[in-house]
Amino acid sequence: MFVVKHFDFDIIVVGGGHAGVEAALAASRIGKTVALVTMDRARLALMSCNPAIGGLGKSHIVKEVDALGGLMGKAIDATGIQFRRLNLSRGPAVWSTRAQADRIAYNDFVCRFVNADKNISVIEDTAGAFLVENARAIGIETEEGEKIFSRAVIVCSGTFLGGLIHIGEKQIPAGRRGEKAAYKLSQSFRSLGFEVGRLKTGTPPRLDGRTIDFRRCEAQPGDEPVPFFSYTTIPYRLSQIPCHLTYTTDKTKEIILENLHRSPMFSGQIKSRGPRYCPSVEDKIFRFKDKPRHQIFLEPEGNGTDEIYPNGFSTSLPEDVQEKAIRTIIGLEEVQITKPGYAVEYDYCPSHQIKASLETKLVERLFLAGQINGTSGYEEAAGLGIMAGINAALAIDNEPPFILDRATAYIGVMIDDLITHSTTEPYRMFTSRAEYRLGLREDNARDRLFPYARKYNLIPPEDYSCFETLRNQTEATIKSLKRQSLPVSKLDGMARYFSKRETVTLAELLKIPGVSVADIRPYSNGIIDDNEFSAEVMERAAIKIKYDGYIQKQEREVERFRKMEDEVIPPSFSFENLTGLRNEAKEKFVRYRPNSLGQASRIEGVTTGDLAVLSIHIKKFRSSLRT
């Protein structure tokens, strides 16, 4: 029993990775004092794996974090060395942005930003145990025995919790190359009754770019104009550094298959599951033996360094095998490895143990964010971190939690997936996970999330005013495009779509498949070029016009979805005593404890019959409460 006379901080954030940084900054923006406890204050948001931000599905989360006032988009815009837009041949729902970072500059930018925040105190230490009173977190005890008291605790431990590195037969207790892991905190979780599991991730060797023959590889240049991430970034000229694409060969396959018995993944040394969608090179070659080659992207680690990240060659093979295998890749015949690749196993807490607010069900005011929830990737970590920071601050003020649903944000999709599904492998975001993705585009992140950012004081008031101007400009442009008409006879190749018409509006032209803003510019009489925010306004307006029918259809689907979500299950409802249910369904409901009929419907293994029975029990329970 602790008698707390005073709290040292409002919130303690354990871990200084991408999740921890966003959590600390979000809580600070709401006015809370934060202790950011990390092993090394100079390594905040260090990119342990690929030196890049964004990509398919992931960039949507970065835009959402940015719309909630977060740092990730600002940091990559300030330190990126190459920017590209992806999937532009498909619809706008899946357009994505990806940027290569100057790895060291990104880390430095984040450190400076956090250190300048007067509400955040960075403490170099390692959390060893939780301080809990009456099932409520009231602080931590460090591994050295120092007690730090707070009103809430957020754990963002990354791969450091019980971390163990594998390089062939060699095992190194570490959370990251050259950095010790945290072991005592895992035991603290277990002593409080938490289920703790193991996951695995990996990273490729790093290469000396001076020993690569880039002439034999395919150059991958950046896009112009530069597609920056953050709405706050003022566009600037950037001399972009190209990436390069190369391929494995038959000899690569031969060497790796001959040495599979020395890979920890195949020898049984590693028992945990790795990310399915980012497998090691040995796993890819073993599973796809018939495939003649695999892509390897050579990504620069930044300005002022020759180090190259070979994306696609993640491995835990012994160092001698890594060296032999990588020298069989086209252009890498003489390459020198600067650091070997490795796999790392770490502890995590399966996410059926947290609420949608990211607060744990067992201990009040203890929040989990990032890889401890079973995710993989900087972007997923940042999305969880910012939500944990906001909700920890709200909990302290006894305010209702901030919950994003599946129809509002990719962050909402991610959290809902985590709390309704068994996490047996690291979770990665894809656009295919979002059933309402047409409404969850990169371009409308602020439309969706700025009202919340304003409500919780996460952005300056002038940012919201500026956005209102942009939104009004978009609506005015849509009206102009719908009003401006021209004779069909003046059209070139597009006239065939309107053979029975005399006139057509610019908006109708935009609805023709494959027609872009550039195609209608010659007919616009200056409307397109007269806008103050022309490029952004026109893209937003064109998307709304072109996909209006689909968007309206999806909005009807969202209404049906929200009706299911509105069937809230009372907190005092007992899943343990339900009758008439299949045993599997009952076990799942007890494990996940859904808070609505909609959430119950997304639990794996639950049938429509199970939902019907559950709905009857909920109605009976509500009736008993009224009487």
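Further up the page is the structure itself.
Residues numbered from 1 in each chain as written. Predicted model: local features only at pLDDT ≥ 70, side-chain atom pairs only at ≥ 80, totals over all residues. Heavy atoms only, no water.

K.L.:
Report on the pairing of strand 2 (residues 34-38), specifying residues and quantitative values.
P.N.:
Burial analysis of strand 2 places five of its five residues in the buried class, the great majority of the element. Both strand 1 (residues 9-14) and strand 2 contribute to a ladder of four bridges, which runs parallel. Among the inter-strand pairings, Val 14 is bridged to a residue of strand 2, identified as Val 37. Read as a crossover between parallel neighbours, the route from strand 1 over helix 1 (residues 18-29) to strand 2 is right-handed. Bridge count between strand 2 and strand 6 (residues 120-124): five bridges; the pairing is parallel. When the sheet's bridge partners are listed, Val 34 is paired in strand 6 with Ile 120. (Buried < 20%, exposed > 50% of the residue type's maximum accessible area, 1.4 Å probe, protein only. Helix = DSSP H or I, 4+ residues; strand = E, 2+ residues; numbered from the N terminus. Pairing = 2+ DSSP bridges. Right-handed = clockwise from strand over helix to strand, strands pointing away.)

K.L.:
An account of a nonpolar patch on the surface is needed here, citing residue identities and associated values.
P.N.:
On the surface, a nonpolar cluster with roughly 220 Å² of combined accessible area is contributed by Leu 257, Phe 266 and Phe 286. By the secondary structure assignment, Phe 286 is in helix 8 (residues 281-287). (Patch = residues over 30% accessible without salt bridge, like charges linked within 9 Å, V, L, I, M, F, W, Y side chains within 5 Å. Areas by Shrake-Rupley, 256 points an atom, 1.4 Å probe, with all protein chains shown as cover. Salt bridge = Lys/Arg side-chain N within 4 Å of Asp/Glu carboxyl O.)

K.L.:
Describe the sheet that holds strand 14 (residues 218-220), and please don't skip the residues or the numbers.
P.N.:
Within the open sheet, the six strands sit side by side as 14-15-16-17-13-18. Their pairing is antiparallel. Single-partner strands in this sheet number two, and they are strand 14 and strand 18 (337-339). On average, adjacent strands in this sheet sit at an angle of 35° to one another, irrespective of strand direction. In the sheet, strand 13 (residues 206-208) pairs with strand 18 via two bridges, with the strands oriented antiparallel. When the bridges of strand 18 are listed, Arg 206 appears paired with Lys 339. (Axes fitted to C-alpha atoms, helices over the stretch in contact; angles between N-to-C directions.)

K.L.:
Break down helix 2 (residues 58-67) for me, citing the residues and quoting the values.
P.N.:
By the criterion of burial, helix 2 is predominantly enclosed, with ten of the ten residues buried. Turning to helix 2, its buried residues number three or more, namely Lys 58, Ser 59, His 60, Ile 61, Val 62, Lys 63, Glu 64, Val 65, Asp 66 and Ala 67. Positive backbone phi, at 85°, marks Gly 69, one or two positions downstream of helix 2.

K.L.:
Quick rundown of empty space enclosed by the protein? Include the residues and the values.
P.N.:
By the definition in use, this model includes two cavities of 30 Å³ or more. Counted as a void, the largest cavity has a volume near 50 Å³. For the largest cavity, the full set of lining residues is His 18, Val 21, Glu 22, Ala 45, Leu 71, Met 72, Tyr 106 and Val 110. When contributions to the lining of the largest cavity are tallied by element, the ones reaching two or more residues are helix 1 and helix 4 (103-115). Of all the elements, helix 1 adds the most residues to the lining of the largest cavity, at three residues. Lining the second largest cavity are Thr 248, Thr 249, Lys 253, Ile 285, Phe 288, Lys 291, Pro 292, Arg 293 and His 294. Considered class by class, the residues forming the lining of the second largest cavity number three nonpolar, three polar and three charged. (1 Å grid on protein atoms, 1.4 Å probe; cavity = no way out; pocket = protein on both sides within 12 Å on 5 of 7 lines; lining within 4 Å. Points joined across faces, edges and corners; volume = space filled by probe spheres on them. Nonpolar A, V, L, I, M, F, W, Y, C, P; charged D, E, K, R; others polar.)

K.L.:
Now, about the packing of helix 2 against helix 10 (residues 378-396): what can you tell me, with residues and values included?
P.N.:
Where helix 2 meets helix 10, the closest approach of the two axes is 9 Å, and the angle between their N-to-C directions is 30°. The angle between the axes of helix 2 and helix 10 places the two elements in the roughly parallel class. Handedness of the crossing formed by helix 2 with helix 10: left-handed. For the pair helix 2 and helix 10, contact is made by Lys 58, Ile 61, Val 62 and Val 65 and by Glu 379, Glu 380, Ala 382, Gly 383 and Ile 386, respectively. Residues of the contact of helix 2 with helix 10, tallied by class, amount to five nonpolar, one polar and three charged. (Parallel < 35°, antiparallel > 145°, perpendicular 65-115°, else oblique. Left-handed = near helix turned anticlockwise from the far one by under 90°. Contact = heavy atoms within 4.5 Å.)

K.L.:
Tell me what's going on with the nonpolar core, and back it up with residues and numbers.
P.N.:
Counting 108 residues, the largest nonpolar core has Tyr 106, Ile 154 and Phe 189 as its most contacted members. Among the elements that take part in this core, helix 10 stands out by supplying 13 residues, more than any other. Apart from residues lying up to four places away in sequence, Ile 154 is in contact with Ile 11, Ile 12, Val 13, Val 14, Ala 23, Phe 367, Ala 369, Ala 388, Gly 389 and Ala 392. Judged by nonpolar contacts, the second largest core, of 21 residues, contains Met 494, Leu 510, Ile 520 and Ile 545. (Core = buried A, V, L, I, M, F, W, Y, C linked by side-chain atoms within 4.5 Å.)

K.L.:
Which residues make up a positive patch on the surface, and what values go with them?
P.N.:
Side chains of Lys 553, Arg 556, Arg 560 and Lys 563 sit close together on the surface and give a patch of like positive charge. Note that Arg 560 resides in helix 17 (residues 548-565). (Lys, Arg positive; Asp, Glu negative; His and termini not counted. Charge placed at Lys NZ, Arg CZ, Asp CG, Glu CD.)

K.L.:
Before we move on, can you summarise the sheet that holds strand 12 (residues 197-203) with the specific residues and values?
P.N.:
Pairing is antiparallel in the open sheet, where four strands are placed in the order 11-10-19-12. Both outer strands of the open sheet, strand 11 (170-173) and strand 12, are each paired with one neighbouring strand and no more. Going from strand to strand, the sheet's axes swing by 25° on average, the running direction of each strand aside. Relative to strand 11, strand 10 (residues 164-167) runs antiparallel, the two sharing four bridges. Looking at the pairing, Leu 164 lines up with Pro 173 of strand 11.

K.L.:
Mind laying out the pairing of strand 10, listing which residues take part and the relevant values?
P.N.:
Burial along strand 10 is two-sided: the residues Leu 164 and His 166 and Ile 165 and Ile 167 are all buried. Both strand 10 and strand 19 (residues 342-348) contribute to a ladder of three bridges, which runs antiparallel. Within strand 19, the position partnered with Leu 164 by the bridge is Glu 345. Remark: two residues form the turn of the hairpin made by strand 10 and strand 11, two consecutive strands paired antiparallel; Gly 168 in that turn has positive phi of roughly 60°.

These figures come from the coordinates and say nothing about function on their own.
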